[in-house]
Amino acid sequence: MPRILLVEDEPAIADTLVYALKTECFEVRHALTGQSALDHFAAESPDFVLLDIGLPDMTGLDVCREIRARSQVPILFLTARDGELDRVLGLELGGDDYVTKPFSPREVVARIRAILRRSGGPGNGGAAAAAADDGGGLLSLDEAGMRVACSGRPLDLTAHEYKLLLIFIRQPNRVFTRDQLLDQAWEDPGAVTDRTIDAHIKTIRAKLRQAHPGSEELIQTRRGLGYAYVP
Ligand code: CA
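In this text the structure is predicted, and so the values were computed from the model without any measurement.

Q: Kindly report on the coordination of the calcium ion, identifying the contributing residues and their values.
A: Distances from the calcium ion to its protein donors, Asp9 (OD), Asp52 (OD) and Gly54 (O), fall within 2.2 to 2.3 Å. Considered as a linear motif, the donors of the calcium ion on their single chain read D-x42-D-x1-G. Pair noted here: Asp9 is in the loop between β1 (3-7) and α1 (11-23) and Gly54 is in the loop between β3 (48-52) and α3 (60-68), with a separation of 45 residues, a long-range link. Residue Gly54 is classed as partly exposed on the basis of its relative accessible area of 46%.

Q: Break down helix α6 (residues 159-170) for me, citing the residues and quoting the values.
A: Given 3.6 residues per turn, any residue in an α-helix points the same way as the ones three and four places further on. Given a rise of 1.5 Å per residue, 12 residues ought to cover 16 Å, and the 17 Å separating the end C-alpha atoms of α6 matches this to within 8%. Here α6 lies mainly inside the structure; 9 of its 12 residues are buried. When α6 is considered as a whole, its buried residues turn out to be Glu161, Tyr162, Lys163, Leu164, Leu165, Leu166, Ile167, Phe168 and Ile169.

Q: An account of the packing of helix α7 (residues 178-185) against helix α8 (residues 194-211) is requested, with residue identities and associated values reported.
A: As a packed pair, α7 and α8 sit with axes 9 Å apart at the nearest point and diverge in direction by 85°. Considering their axes alone, α7 and α8 lie roughly perpendicular with respect to each other. Every residue of α8 that contacts α7 at Arg178, Asp179, Leu181 and Leu182 is listed here: Asp194, Ile197 and Asp198. Grouping the constituent residues of the contact of α7 with α8 by class yields 3 nonpolar, no polar and 4 charged.

Q: Quick one: what's the story with the sheet that holds strand β10 (residues 175-176), residue by residue and with numbers?
A: With respect to topology, 3 strands assemble into an open sheet ordered β10-β12-β11, the strand pairing being antiparallel. In this open sheet, the two edge strands, each paired with only one partner strand, are β10 and β11 (219-222). Where β11 and strand β12 (residues 226-229) come together, 4 bridges link them in antiparallel fashion. Counterpart to Arg222 in the pairing with β12 is Gly226. Across the sheet, α6 touches β10, β11 and β12, and the angle it forms with β12 is around 65°. Its contacts with the sheet place α8 against β11 and β12, and it is angled at close to 145° to β11.

Q: Quick one: what's the story with the nonpolar core, residue by residue and with numbers?
A: The biggest cluster of nonpolar side chains holds 27 residues, and the ones touching the most others in it are Leu139 and Val148. Counting only elements with at least two residues in this core, the list comes to β7 (139-142), β8 (147-150), α6, α7, α8 and β12. If one sorts the elements of this core by residue count, α6 sits on top with 7 residues.

Q: For the sheet that holds β1, give the residues involved together with the corresponding values.
A: Ordered in space as β2-β1-β3-β4-β5, the 5 strands form an open sheet in which the pairing is parallel. Here the strands that pair on one side only, and so sit at the sheet edges, are β2 (27-31) and β5 (97-100). The mean angle between the axes of side-by-side strands here comes to 20°, regardless of whether they run parallel or antiparallel. Taken together, the 4 bridges between β1 and β3 define a ladder with parallel strand orientation. The residue of β3 that forms the bridge with Leu5 is Val49. Packed on one face of the sheet, α1 meets β1, β2, β3 and β4 (75-79) and runs near 165° to β2. Lying over the sheet, α3 contacts β3 and β4, oriented at roughly 175° with respect to β4.

Conventions and cut-offs
- Residues numbered from 1 in each chain as written.
- Predicted model: local features only at pLDDT ≥ 70, side-chain atom pairs only at ≥ 80, totals over all residues.
- Heavy atoms only, no water.
- Donors = N, O, S within 2.8 Å, 3.2 Å for Na, K, Ca; no water.
- Helix = DSSP H or I, 4+ residues; strand = E, 2+ residues; numbered from the N terminus.
- Buried < 20%, exposed > 50% of the residue type's maximum accessible area, 1.4 Å probe, protein only.
- Expected span 1.5 Å × (residues − 1).
- Axes fitted to C-alpha atoms, helices over the stretch in contact; angles between N-to-C directions.
- Parallel < 35°, antiparallel > 145°, perpendicular 65-115°, else oblique.
- Contact = heavy atoms within 4.5 Å.
- Nonpolar A, V, L, I, M, F, W, Y, C, P; charged D, E, K, R; others polar.
- Pairing = 2+ DSSP bridges.
- Core = buried A, V, L, I, M, F, W, Y, C linked by side-chain atoms within 4.5 Å.

Read these as spatial facts, not as claims about activity.
Written out as structure tokens, the structure is:
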């Protein structure tokens, strides 16, 4: 049973989330302040942290920074609607993703499951080596800096292009359907179509080709199925 640390100071939001998470068979610990979150974290090393950015005693970003100094546990931020800058900072500080308020508890649970899936589930120490080579040698991933280089040249990627490449690099040779890619790389998969994935794959390939001719073939099309990264 994955153990979740929920850090949220608004009782109404916290109650709804605690209920939804328990219903989905997560074990939940709730902290109302940043300091109490850090205390819980030190005492219990949870499998997942759900972290509000606006907390009474410190910001969620500070909490994230302190946790990241010790642990690669997956972190999902809860942000206010207008907190664009917070979101960007949160991801730069090592958050795995964010959901914007108001959100449905169902959306949060889906996002937690997706992140746990990506990171290999509870207990593996989290997703991320700081930097990893894909083994094929051409692509190298810098997770902390959220960058990918091809043949040593950093690729100039949009957020979605980066997320897609990250999914591929983490599971070489696996075929992903367009739905799976949408589900993992998009905030609101309902708002985009399969064509969106095709368009992004096209621009990723163009950027790969520019960095190292021929490397665009690393992302292969499996007709009628989806895409795979084949190092
Ligand atoms: Ca708050």
